[in-house]
Amino acid sequence: MTTRVLHTAGKDADPRAIAFAAEEIRDGGLVAFPTETVYGLGAEIYNEGAIRKIFEVKGRPPDNPLIVHIADPEQGIELMQQVPDRYNVLATAFMPGPLTLVVQRNASVLDVVTAGLETVAIRMPSHPLALELIRAVGAPLAAPSANVSGNPSPTTAEEAYEELDGKVAFILDGGRSDIGIESTVLDITGSKPVILRPGMITGEDISGALHEDVLHASEAGEVRSPGVKYRHYMPAVPMTLFAGQNAEDGIAAAAERLIAEGQRVGVLAPERMKRISHTLFYSLGKGATLDYAKYMYSGLRFFSAQQVDVLLCAGIEEEHQGLAIMNRLRKAATTIREIDEEDL
Ligand code: AMP
Ligand code: MG
């Protein structure tokens, strides 16, 4: 299959891009499309054959359910048994946006979408192309991230092409994803809401909107999301993550030692850490949580394609949005060094 990247902005823009992509999906095909979190690989949710293709193309384990993307909070209602009050409150506060809600599903939702679970995960993206595509298809789209399972998620059309060349007919190019990491996944089926996967919408944000406590999966005993048990976001080179209060001193000392030993060292860190010894440096901008989110997957991909022996990554404080960043970096790392005050 020849994969075409359809440009939707600039002088190569194709005004027919959305129509081509929607027709491909209505015919049972898959299309990669931009969202504000990461690029998605979409199929029509009522087409079982198309959904199976998603799992095939990604090599995704069949017990890992998909997120259903809608163009309007109302469109989610056709998938549910009943509409929880929390759905209405959170839809008003955070839709469109990087929050996925897990609710009880009804019989219209196929088992392949939810991996047989009685619940379904629903999100309304804010990227205009994603919304136009869903509207043009006329049905919700099941769409996991547009990467082969285990790789970092793509945040540009070029990165989606690296993952899917020859496997899908179309990739819609909508520029770099504004956020750059996947949505917060929140289960609202239980007595307390539970964050199954942290994201840039935090527990504090959700708790503020709902006026109730929000738990993280680690505090909630039984509640688990099937996807979180798998390894994700792995670069093709061994990566050491430096966490804790003195991560910066830790990474500087390690880099100096490795360079002295003659190793080729990649450093993934905020711009201000460029003074650290390195063979290749990839900047995470000013190092705020938003900068990490926006550039870290591209950084992991960059080093996967370079001849470095080891990648050293500077961690970030693990609270609020930093929880979402460190959740991804911990899964990407082969080694984690916790460097706190007493280690110096
Ligand atoms: P991805 O689309 O690849 O970013 O992954 C989707 C995430 O949502 C995975 O972590 C899934 O386990 C999670 N997810 C999707 N549907 C459900 C559901 N019904 N219950 C719990 N987690 C879900
Ligand atoms: Mg994914």
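One can find the structure itself at the top, above this paragraph.
So, here is what we can say about the structure in this document. (Residues numbered from 1 in each chain as written. Chains lettered and ligands numbered in written order. Predicted model: local features only at pLDDT ≥ 70, side-chain atom pairs only at ≥ 80, totals over all residues. Heavy atoms only, no water.)

## Considering the packing of helix α4 (residues 85–94) against helix α8 (residues 203–210)
Helix-helix packing is described using two parameters, namely the angle between the two axes and the distance between the axes.
Alright, step 1. Remark: α4 packs on α8, axes separated minimally by 10 Å, with the N-to-C direction vectors making an angle of 120 degrees. Here α4 runs over α8; the crossing is right-handed. In contact with R86, V89, L90, A93 and F94 of α4, α8 contributes D205, I206, A209 and L210.
Alright, step 2. Residue composition of the contact of α4 with α8, by class: seven nonpolar, no polar and two charged. (Axes fitted to C-alpha atoms, helices over the stretch in contact; angles between N-to-C directions. Helix = DSSP H or I, 4+ residues; strand = E, 2+ residues; numbered from the N terminus. Left-handed = near helix turned anticlockwise from the far one by under 90°. Contact = heavy atoms within 4.5 Å. Nonpolar A, V, L, I, M, F, W, Y, C, P; charged D, E, K, R; others polar.)

## Digging into the layout of surface pockets
Alright, step 1. Roughly 780 Å³ of internal volume is contained in the largest pocket.
Alright, step 2. For the largest pocket, the lining is made up of 49 residues, of which R60, N64, P65, I67 and R197 are closest to its centre. (1 Å grid on protein atoms, 1.4 Å probe; cavity = no way out; pocket = protein on both sides within 12 Å on 5 of 7 lines; lining within 4 Å. Points joined across faces, edges and corners; volume = space filled by probe spheres on them.)

## Structural notes on the site of ligand 1
Alright, step 1. Around ligand 1, the surrounding shell holds 19 residues, and the nearest of these are R60, T119, R197, S225 and G227.
Alright, step 2. Between ligand 1 and the protein, one listed contact pairs a nitrogen atom with a side-chain N or O atom of T119 at 3.0 Å.
Alright, step 3. The cavity where ligand 1 resides is the largest pocket.
Alright, step 4. Listing elements by their share of the shell around ligand 1, those giving two or more residues are β6 (119–123) and β10 (194–197).
Alright, step 5. Take the shell around ligand 1: its biggest share by element is three residues, from β6. (Near = heavy atom within 4 Å. Polar contact = N/O pair within 3.5 Å; in protein donor to acceptor, adjacent residues only side chain to side chain. Sits in = over half its atoms within 2 Å of the grid points.)

## Some points on the sheet that holds strand β8 (residues 170–173)
Pairing between the strands of a sheet is mediated by backbone hydrogen bonds and can be parallel or antiparallel.
Alright, step 1. Pairing is mixed across the open sheet formed by 11 strands, whose spatial order is β1-β8-β2-β3-β7-β4-β6-β5-β9-β10-β11. Every interior strand has two partners, whereas the edge strands, β1 (4–7) and β11 (215–216), have only one.
Alright, step 2. Pairing of strand β4 (residues 67–69) with strand β7 (residues 141–142) involves two bridges; the strand directions are antiparallel. Bridged to H69 within β7 is L141.
Alright, step 3. Those strands touched by helix α1 (residues 17–26) are β1, β2 (31–33), β3 (40–44), β7 and β8, and its axis lies near 145 degrees from that of β8. (Pairing = 2+ DSSP bridges.)

## Some thoughts on the pattern of salt bridges
Alright, step 1. The tally for this structure, following the rule as stated, stands at 16 salt bridges.
Alright, step 2. Here R16 makes a salt bridge to D14, at a shortest N to O gap of 3.2 Å.
Alright, step 3. One salt bridge in this structure joins R123 and E36, with 2.8 Å as the shortest N-O distance. Of this pair, R123 sits in strand β6 while E36 is found in the loop between β2 and β3, placing the two residues 87 residues apart along the sequence. (Salt bridge = Lys/Arg side-chain N within 4 Å of Asp/Glu carboxyl O.)

## Remarks on the environment of G208
Alright, step 1. You can see G208 is positioned in helix α8.
Alright, step 2. Taking relative accessible area as the criterion, G208 reaches 45% and is therefore assigned partly exposed.
Alright, step 3. Separated by 115 residues in sequence, G208 and A93 place their C-alpha atoms 9.9 Å apart. (Buried < 20%, exposed > 50% of the residue type's maximum accessible area, 1.4 Å probe, protein only.)

## Structural notes on the nonpolar core
Alright, step 1. Within the largest apolar cluster, 66 residues are counted, with the highest numbers of intra-cluster contacts made by Y87, L90, L133, L172, L186 and I206.
Alright, step 2. With six residues, the single largest contributor to this core is helix α6 (residues 128–137).
Alright, step 3. Leaving out residues up to four positions away in the same chain, L186 has contacts with L90, L99, T100, L101, V102, P193, V194, I195, I206 and V214.
Alright, step 4. Listed in part, the 45 residues of the second largest apolar core include I181, V237, A247 and L268. (Core = buried A, V, L, I, M, F, W, Y, C linked by side-chain atoms within 4.5 Å.)

## Considerations on the packing of helix α10 (residues 289–304) against helix α11 (residues 321–332)
Alright, step 1. Axis separation between α10 and α11 bottoms out at 9 Å; the angle between their running directions is 15 degrees. Looking at the two axes, α10 sits roughly parallel to α11. Remark: the crossing between α10 and α11 carries left-handed chirality. From α10, T289, L290, Y292, A293, M296, Y297 and L300 reach across to α11, where they touch Q321, G322, I325, R328, L329 and A332. (Parallel < 35°, antiparallel > 145°, perpendicular 65-115°, else oblique.)

## Section: helix α9 (residues 247–260)
Alright, step 1. Along its 14 residues, α9 runs 20 Å from first to last C-alpha, staying within 8% of the 20 Å computed at 1.5 Å per residue.
Alright, step 2. Of all the residues in α9, the buried ones are A247, G250, I251, A252, A254, A255 and L258.
Alright, step 3. Those residues of α9 that are buried lie in contact with β12 (239–243), β13 (265–269), β15 (310–314) and β16 (335–338).
Alright, step 4. A positive phi of about 90 degrees marks G262, the residue just after α9. (Expected span 1.5 Å × (residues − 1).)

## As for the environment of R337
Alright, step 1. Tracing the chain through its elements places R337 in strand β16.
Alright, step 2. Contacts of R337, omitting those with residues within four sequence positions, involve T240, L241, F242, A243 and A254.

## Observations concerning unusual backbone geometry
Alright, step 1. The peptide bond linking M95 to P96 adopts the cis configuration, its omega dihedral lying at 0 degrees.
Alright, step 2. Mapping P96 onto the fold places it in the loop between α4 and β5 (99–104).
Alright, step 3. Residues other than glycine seldom take positive phi values, yet H211 does so here, at roughly 55 degrees.
Alright, step 4. Mapped onto the fold, H211 is located in the loop between α8 and β11.

## Points about the sheet that holds strand β14 (residues 280–283)
Alright, step 1. The parallel open sheet is built from five strands, whose spatial order is β14-β13-β15-β12-β16. Pairing within the sheet leaves two strands with one partner each, and these edge strands are β14 and β16. Put simply, the sheet's adjacent strands are angled 20 degrees from each other on average, direction ignored.
Alright, step 2. For β12 and β16, the ladder comprises four bridges, and the chain directions are parallel. Its bridge partner being in β16, F242 is matched across the sheet by R337.
Alright, step 3. The sheet contacts of α10 involve β12, β13, β14 and β15, and relative to β14 the element is tilted by about 155 degrees.
Alright, step 4. Across the sheet, α11 is in contact with β12, β15 and β16; its angle to β12 comes to roughly 145 degrees.

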